[in-house]
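Below, each chain spelled out in residue letters.
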Amino acid sequence: MPKILIATDSFDQVNGVSTTYRNILKFSHVETLIIHPGMFNWTTFRVYPEVQICTEPFRAYQEIKNIQPTHIHIGTEGPIGLAARIYCKLHKIPYTTGYHTKFPEYLWKLARIPCAMTYGYLKIFHNDSKAILTPSLSSKKELERRGFNHVHVWTRGVSSELISQKKIVKHKNPRVLYVGRVSREKNLEVLCELQDKFDITIVGEGPRLKAYKKKYAKVNFLGYCFGRELADTYKTHDVFCFPSKTDTFGIVMIEALMNDLPVAAFKVTGPVDIVEQGKTGYLGNDLELNIRRCLKLDRKKISHYLKNRWSWKACVDILHGHLLRS
């Protein structure tokens, strides 16, 4: 019988990677285990303090050996992922890899590490896997242009607890919502600068939270919200804004859409794979204009446009299809 191990450097944090692997564990019909930095000693680094960096990769390798998986999915490219890749190579274990985050662009923005250097490492890391799984078609095409091989689109889902049953209420002063990490690479300044034009709510935490609270006094910073509270927060706003230009997908956007909340964003990887222009939101270079256009959409129709497009069952099926096939 197959025994799948997911090796990831991100699991205890609140982000799309962690959400994906928690739901795979929940919905997998095959024995599936996970290894992550929280199981070992770990550290962090200043420019990205939420990330856990395992400082015991040899212990991680030994743990993988003790588990004796038949198949491994390597979710990230850090020390845990590297330990898993070495194990796969030495023991001839079939493996797939996940490409979730545009780390070259993140690291350039955060620490001025050249993208060419990071992409060079990532190509070496990923290209021997059975399949590189990435969340969107535009991300797939971008990776293929950069020389990555056998890249496949890997869908995402929305848990039922994140869909609110509250009624839609339109507000006199439009309420605009962002959910996600509060950090430099998320481009939140562009949204926060609109604080005099909209009632802006930001859900989440991160290294820029304290600075943004001080700079943008009119923005409502809620910190983390989960489950039903988060679902109701989606439903009680008028527009969801996703200002990031460096995400490969953005699960929070489909969570918003499932709560009939239109999405305003830039026309970049992630939003272009999710938002139907003029139906479920607006994309373009002018974020304020996109928000104002979203306000004119019929919210009662938005979730109907999705047509069961995303589900965690489909996400698991795609992983199993690539990983378990002979």
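Residues numbered from 1 in each chain as written. Predicted model: local features only at pLDDT ≥ 70, side-chain atom pairs only at ≥ 80, totals over all residues. Heavy atoms only, no water.

Topic: a positive patch on the surface
The condition is simple: Patch construction takes residues with relative accessible area above 30% that form no salt bridge. Like charges are linked within 9 Å, and nonpolar side chains (Val, Leu, Ile, Met, Phe, Trp, Tyr) are linked within 5 Å. Note that accessible areas follow from Shrake-Rupley with a 1.4 Å probe, and for residues the cover is restricted to the protein chains shown. When a carboxyl oxygen of Asp or Glu lies within 4 Å of a side-chain nitrogen of Lys or Arg, that pair is called a salt bridge. Two residue types count as positive, namely Lys and Arg, and two as negative, namely Asp and Glu; His and chain ends fall outside the count. Each charge is placed at NZ for Lys, CZ for Arg, CG for Asp and CD for Glu. The helix count covers DSSP runs of H or I at least four residues long, the strand count covers runs of E at least two residues long, and both are numbered beginning at the N terminus.
A cluster of basic side chains, namely Arg-46, Lys-109, Arg-112, Arg-184 and Lys-245, defines a positive patch on the protein surface. Mapping Arg-112 onto the fold places it in the loop between helix H4 (103-111) and helix H5 (115-126).

Here's the deal with the side chain of His-237
Operational definition: Each residue is placed in one exposure class: buried if its accessible area under a 1.4 Å probe, protein chains only, is under 20% of its type's maximum, exposed if it is over 50%, and partly exposed if it falls in between. The term polar contact refers here to a pair of N or O atoms within 3.5 Å; inside protein, the definition further demands a hydrogen-donor-capable atom paired with an acceptor-capable atom, and it admits residues adjacent in sequence only when both atoms are side-chain atoms. Contact between two residues is taken to exist if any of their heavy atoms lie within 4.5 Å; hydrogens are not considered.
Residue placement: His-237 occurs in the loop between helix H9 (227-235) and strand S12 (239-242). A relative accessible area of 2% means that His-237 is categorised as buried. Separated by 2.9 Å, the side chains of His-237 and Thr-201 make a polar contact. In contact with His-237, not counting residues within four places along its chain, are Arg-175, Val-176, Leu-177, Thr-201, Leu-261 and Arg-299.

Focus: the sheet that holds strand S11 (residues 220-223)
The test is simple: When DSSP finds two or more bridges between two strands, those strands count as paired. Here, axes are lines fitted to C-alpha atoms. For helices the fit covers the stretch in contact, and angles between N-to-C directions go from 0 to 180 degrees.
The sheet built from six strands is open, its strands ordered S11-S10-S9-S12-S13-S14 with parallel pairing. Looking at strand neighbours, the two that pair on one side only are S11 and strand S14 (281-283), the edges of this open sheet. The average angle at which neighbouring strand axes cross in this sheet is 25°, direction not considered. When strand S13 (residues 263-265) meets S14, the two strands line up parallel, connected through three bridges. Bridge pairing links Ala-265 to Leu-283 in S14. Packing against the sheet, helix H12 (residues 287-294) makes contact with strand S9 (175-179), S12, S13 and S14, and its axis sits at approximately 165° to S13.

Quick notes on a nonpolar patch on the surface
Residues Leu-82, Ile-86, Leu-90 and Tyr-121 make up a contiguous nonpolar surface patch of about 370 Å² in total accessible area. Broken down by element, the nonpolar patch gets its largest block of residues, three residues, from helix H3 (residues 79-91). Summarising the element assignment, Leu-90 is placed in helix H3. Accessibility expressed as a relative area gives 59% for Leu-90, which makes it exposed.

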